[in-house]
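So you can see what is in the structure, the chains are spelled out below.
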Amino acid sequence: MEPAVGCLILLGVMALLFITELIPLAVTAMGGAIICGFLNYIPDNGVFLGLSHPTVTLFAGMFVVGAAMFHTGLAHSIGVFIVKRAGKSQKNLMLCIMVVAAVLSMCLSNTGTAACLLPVVMGICAAAKMSPSRQLIPLAYAVCSGGMISLVGTPPNIIISGALSNFGYQPFEFFEFAWIGVPITLVTIVYMYFVGRRLLPEGGEVPEKFLAELDPMQHNVPKQVIAGLILVGCMVVMCLDLEKITIEMAAVVGALICVLTGCLTEKQAYNSIEWSTIFLFAGMMPVSHALYNTGAAELLARWMLEMLGGTPGPLVVTAVIFIVTALLTQFMSNSASAALLAPIGLVVSQKLGVSPYPVLMSIAVASSCAFATPIGTPPCTLMVGPGHYRFVDYIKAGLPLIILCFAATVIIVPLVWPF
């Protein structure tokens with residue numbers, strides 16, 4: 001059996017296990033990585049390489065920084081402040097959360113924004129006595145769509161712009177993505193406010209580990225100030241994109257300072273890390289590499305072009321590439337899907353004799369539309385544990401949103417970047 005075909009079969013089995021949850025998501029992900037190594041789809045030393053990925057370090061560090069906000073009572077205080085002004089209506093709270101998340105993720109890493117706001121939202125849910133499962137997926141979708149607005153908000157934007165440079169084209173400008181990013185963000189917020197929230201699970205109360213700590217909670221104002229300053233410091237460093245200090249370093253330094261200043265104990269820091277999230281992300285990274293190395297993802301793209309046949313119009317090709325990219329990004333890293341489809345999109349546009357900009361922009365948007373699974377983008381992965389979500393919850397809420405984003409892209413992109 002060809003490696004590409006075998007890898008596609010493995011991906012199908014994993015998708016089935018993700019949907020049915022016959023075994024834990026993290027076990028499926030790590031098991032898939034091990035099988036990829038056993039079948040030589042990836043090198044043996046690459047099976048657990050995902051555990052050393054910088055994003056894993058970012059996850060761990062920001063989980064601790066976020067926990068400091070909770071243990072000092074800062075997240076709860078912020079929650080009470082927002083509740084008093086937004087009321088206890090679930091949809092009004094969701095609207096406030098999504099607007100704040102989208103604005104922050106415009107110039108910050110959407111992953112970092114999600115990790116920073118997660119404990120704040122948990123505090124809001126505790127104060128309003130509502131289930132976090134009604135708020136965390138909207139938070140993830142808001143940071144994902146908000147990240148589309150600028151060059152640095154989400155990795156696919158950087159990858160797509162870099163691909164243009166590599167092929168000798170002028171790259172997209174910093175806020176050029178806003179022409180499509182802003183409409184997509186508005187579509188996301190409006191959809192979740194009127195329709196998407198009805199598709200979310202009712203859930204239960206705020207997780208016991210959060211409620212149990214509301215009364216032992218320090219409510220120490222000086223430490224709340226320290227925790228807040230640490231959080232702000234991390235976000236500022238992430239925004240500045242310093243050469244010598246990566247966002248992962250900022251997260252880890254912030255976590256260390258949280259422990260050293262007594263905002264939380266060492267044990268509390270360890271317990272604050274969502275290990276299921278860590279292993280889910282780390283397991284899927286090698287699987288993504290296997291899709292690329294075996295040619296499985298490229299095989300899918302080639303099938304797409306062959307099915308079109310003849311000389312299809314550029315709008316048709318762009319629409320199909322969007323669909324293929326959006327499909328791939330549900331089961332592999334959004335960065336990987338963007339990197340895979342970018343050169344293909346450029347070649348296709350050259351063969352059709354059209355501008356590569358609308359094609360590449362469509363790929364960038366589609367790569368960030370990883371709404372239907374908790375796999376393709378870290379913000380969605382982050383919410384699985386705290387929100388107690390099932391795989392199918394993402395499908396219910398995310399699939400209609402992807403369709404709306406597709407419609408918006410097909411309409412707006414050719415108007416801003418003509419073929």
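Quick look at the structure, then. The structure displayed is predicted, hence computed values, not measured ones.

## Let's talk about a nonpolar patch on the surface
Then step 1. Taken together, the side chains of V232, V236, L240, L242, I245 and M249 define a hydrophobic patch exposed on the protein surface, amounting to about 490 Å² of accessible area.
Then step 2. In terms of residues, the nonpolar patch owes the most to one element, helix α11 (residues 221–240), which gives 3 residues.
Then step 3. Relative to the helices and strands, L242 resides in the loop between α11 and α12 (247–260).

## Things to note about the environment of V416
Then step 1. Tracing the backbone shows V416 in helix α21 (residues 391–416).
Then step 2. What makes V416 partly exposed here is its relative accessible area of 28%.

## Regarding the pattern of salt bridges
Proximity of charged atoms lets side chains of opposite charge pair with each other.
Then step 1. Going through the model one piece at a time under the given rule, you end up with 2 salt bridges.
Then step 2. E202 is paired through a salt bridge with R134; the nearest N and O atoms lie 3.8 Å apart. Of this pair, E202 sits in the loop between α9 (178–194) and α10 (208–211) while R134 sits in the loop between α6 (110–128) and α7 (136–146); the two residues are 68 residues apart in sequence, bridging distant segments of the chain.
Then step 3. On the accessibility criterion, E202 (57% relative accessible area) is exposed.

## Brief notes about the nonpolar core
Then step 1. Within the largest apolar cluster, 135 residues are counted, with the highest numbers of intra-cluster contacts made by F18, M62, L139, Y141, F172, F371 and M383.
Then step 2. No other element matches the 11 residues that α6 contributes to this core.

## Here's the deal with the side chain of T409
Then step 1. Relative to the elements of secondary structure, T409 occurs in helix α21.
Then step 2. A polar contact of 2.7 Å, which involves the side chain of T409, links it to the backbone oxygen of C405.
Then step 3. Aside from chain neighbours lying at most four places away, what touches T409 is I180, I184, F322, S362, V365 and P414.

## Focus on helix α2 (residues 25–38)
Then step 1. Relative to the 20 Å expected for 14 residues at 1.5 Å per residue, α2 spans 20 Å between its end C-alpha atoms, a close match to the ideal helical length.
Then step 2. What α2 keeps buried is the set L25, A26, T28, A29, M30, G32, A33, C36 and G37.
Then step 3. Those residues of α2 hidden inside the fold are in contact with α1 (3–20), α14 (275–293), α20 (384–387) and α21.
Then step 4. N40 occupies a position one or two residues after α2 and carries a positive phi of about 65°.

About the criteria used
- Residues numbered from 1 in each chain as written.
- Predicted model: local features only at pLDDT ≥ 70, side-chain atom pairs only at ≥ 80, totals over all residues.
- Heavy atoms only, no water.
- Patch = residues over 30% accessible without salt bridge, like charges linked within 9 Å, V, L, I, M, F, W, Y side chains within 5 Å.
- Areas by Shrake-Rupley, 256 points an atom, 1.4 Å probe, with all protein chains shown as cover.
- Salt bridge = Lys/Arg side-chain N within 4 Å of Asp/Glu carboxyl O.
- Helix = DSSP H or I, 4+ residues; strand = E, 2+ residues; numbered from the N terminus.
- Buried < 20%, exposed > 50% of the residue type's maximum accessible area, 1.4 Å probe, protein only.
- Core = buried A, V, L, I, M, F, W, Y, C linked by side-chain atoms within 4.5 Å.
- Polar contact = N/O pair within 3.5 Å; in protein donor to acceptor, adjacent residues only side chain to side chain.
- Contact = heavy atoms within 4.5 Å.
- Expected span 1.5 Å × (residues − 1).

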